[in-house]
Structure formats: structure tokens, C-alpha cells
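Chain by chain, the residues:
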Amino acid sequence: SSSTAEVRFEDAASAQNAANMLNGSILGGAALTVTLDGNSPDMTKVNVANVPAGIEWQKIKDHFRQCGNVCFVQINGSSPGRVGGKGQWKPMQQMQAQAQMQAQMDMMMKMMMMSKGACKGVGFGGQAKGGQAKGGQAKGGLTGEVRYESPMGAQAAAMTLNGTPLRGSPITVGVDGASKDLVKVWVTGIPFGTTWQELKEHMAWCGPVAFCNCK
């Protein structure tokens, strides 16, 4: 016997890749049927049919992660303890986001404790716009624009990277409130001579960076 499953990705492109690449792929000796869910508002969900009986959700996640970051897996008729039903998707997503953000914050705090004075000025990002540095930042520094693949990455950056040292100088990080998808942050107080690659590497601690520029 077989069952069906639901898999959600962090972005629509990954879901499309899964439907194209994994439809007909073999898992547990069975050929899966993978289709995009046309009712998914953000097009990040795929429906999976012909899932072998007894397969664990971790196996499904491992199989699908080759197409992108998997943030949710649900096997229909799964055992207690699994999240089931469409109504439970949102709190599950929030819990996963909170857990990931907390882990990122813990990691950043450990890193900052190893740098002199790095813990000063750490907090939630303000509304840093147009290169207007705040909080005693050096005037005339570079301004950076960073876009993450998800709003979670941008929020984590504003929470954990605001006030952290880049090339020995603390930077100001704030989510761009005018960003429709809330994936964009402004970075001010960037020391002259900093390359976009250096900025990207610094900001990537909070999640995959889709775009980075500083000038």
C-alpha cells in the first residue's frame, strides 16, 4: 500500500524544480508522483503520491532537499506527534522559523563574545535608510543593500548583526520597511575598502544571500 505526502519549500523555484526533476523518481523502491499544488498561494508546495508505506518523513525530506531547502513535510495518516492538516501549517512554520532564528542568534552571540567590544550595540535593527548611519557610526562610510532568499534571513540579520564589527567597525543593520517581501536590509557604517564579497560573507551567517551590493 502507499500514501500521499505534502512537501513545502522555502521558495517557489525549488518547488518547481521538484515537480520537474523528482516526478517519477524512486524512493523506497516506488516511483513517486510529484506535482505542484495549484492552490498554494506562494507556490512553494508540492503534492507527492505513491509514497511507500512505512517511509519516514525524514527520508522524504532528504530526497527532496536536492531541489532546495525543505521547511515542512507531512505524510497523510502519519503517527501522533506529526503536524497534520492545513490549519496547522502556519504555527509549524512559525516554530521552525523561531527555532532557526534562535540558533542563529546563539551562534552569533558566541562569535561576538570572541571579539573585543563586539557585544556593544547589539539589538534589533532600526529603520536604517539611505545610508543614514545611527548610534555613533563613522560618517561617510559605505552603504550596503542585502537581499535574502527569505524574510526570516532579513529579520535574523536585523536582530543579530546590528552593531557587529565588520573590519573592526560596528555596522548598522535594519530591515527595509518599503520592501514588499521583507527580504531586504540596509547596512550602513561599512568601512571604506570593504568589498561586496566581504559584506556577503558577513551577512550570510543569517541565511542564504540572494543579492549584495555596497557603495
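Structural data are supplied above this passage.
Residues numbered from 1 in each chain as written. Predicted model: local features only at pLDDT ≥ 70, side-chain atom pairs only at ≥ 80, totals over all residues. Heavy atoms only, no water.

1. A word on the packing of aromatic side chains
Given two aromatic rings, their pairing is described by the distance between the two centres and the angle made by the two planes. Filter applied, for reference: Each Phe, Tyr or Trp ring (for Trp, its six-membered ring) is paired with any other whose centre lies within 6.5 Å, and the angle between the two planes then decides the class: stacked below 30 degrees, edge-to-face above 60, tilted in between. Counting from the N terminus, the helices are the DSSP runs of H or I reaching at least four residues and the strands are the DSSP runs of E reaching at least two.
Summed over all chains, the structure comprises one aromatic pair. Between F9 and F64, the aromatic rings sit 6.5 Å apart at their centres with planes inclined by 55°, giving tilted as the arrangement. Remark: F64 occurs in helix α2 (residues 57–64) and F9 occurs in strand β1 (residues 2–9); sequence separation between them is 55 residues.

2. Description of the pattern of salt bridges
Side chains bearing opposite charge may pair, as long as their charged atoms lie close to each other. Stated formally: Just to be clear on terms, a salt bridge is a Lys or Arg side-chain nitrogen sitting within 4 Å of an Asp or Glu carboxyl oxygen. Note on classification: 1.4 Å probe, protein chains only; a residue is buried when its accessible area is under 20% of the maximum for its type, exposed when over 50%, partly exposed between these limits.
Enumeration over the complete set of coordinates arrives at eight salt bridges. E145 is the partner of R147 in a salt bridge, and the nearest nitrogen-oxygen pair spans 3.1 Å. Relative accessible area serves as the criterion here: at 29%, R147 is assigned to the partly exposed category. A relative accessible area of 19% means that E145 is categorised as buried. Through salt bridges with shared partners, a single ionic network connects E6, R8, D37 and K45.

3. Examining the pairing of strand β11 (residues 184–190)
Walk down a regular strand and you will see the side chains alternate between the two sheet faces. The condition that has to hold: We call two strands paired when DSSP finds no fewer than two bridges between them.
Taking burial as the measure, the seven residues of β11 include seven buried ones, the bulk of the element. As defined by bridge partners, strand β7 (residues 142–148) adjoins β11 across five bridges and the pair is classed as antiparallel. For V146, the partnering residue across the bridge sits in β11 and is V185. In the sheet, strand β10 (residues 172–175) pairs with β11 via four bridges, with the strands oriented antiparallel. Among the inter-strand pairings, V173 is bridged to a residue of β11, identified as V187.

4. Regarding the side chain of E6
Heads up, the condition is: Identification of polar contacts relies on pairs of N or O atoms within 3.5 Å, with a donor-acceptor requirement for protein atoms, meaning one able to donate a hydrogen and the other able to accept it, and with residues adjacent in sequence counted only if both atoms are side-chain atoms.
Locating E6 in the fold gives a position in strand β1. A polar side-chain atom of E6 sits 2.8 Å from a polar atom in the side chain of R8.

5. Here's the deal with the sheet that holds β1
For the record, the criterion: Whenever a helix is involved, its axis is fitted only over the stretch in contact; in every case the axis is a line through C-alpha atoms, and angles between N-to-C directions fall within 0 to 180 degrees. Whether two residues touch is decided by their heavy atoms; if any such pair falls within 4.5 Å, the residues are in contact.
Strands sit in the order β4-β5-β1-β6 across an open sheet of four strands; the sheet is antiparallel. Either end of the sheet is taken by a strand with one partner, and the two such strands are β4 (33–36) and β6 (70–75). Averaged over all pairs of adjacent strands, the angle between their axes in this sheet comes to 20°, without regard to strand direction. Looking at chain direction, β1 and strand β5 (residues 45–52) are connected through six bridges and run antiparallel. Within β5, the position partnered with S3 by the bridge is V51. In the packing of helix α1 (residues 12–21) onto the sheet, contacts are made with β1, β4 and β5, and the angle to β4 comes to roughly 145°. Along the sheet, α2 contacts β1, β4, β5 and β6; its crossing angle with β6, the most-contacted strand, is approximately 135°.

Honestly, it's all geometry; don't read function into it.
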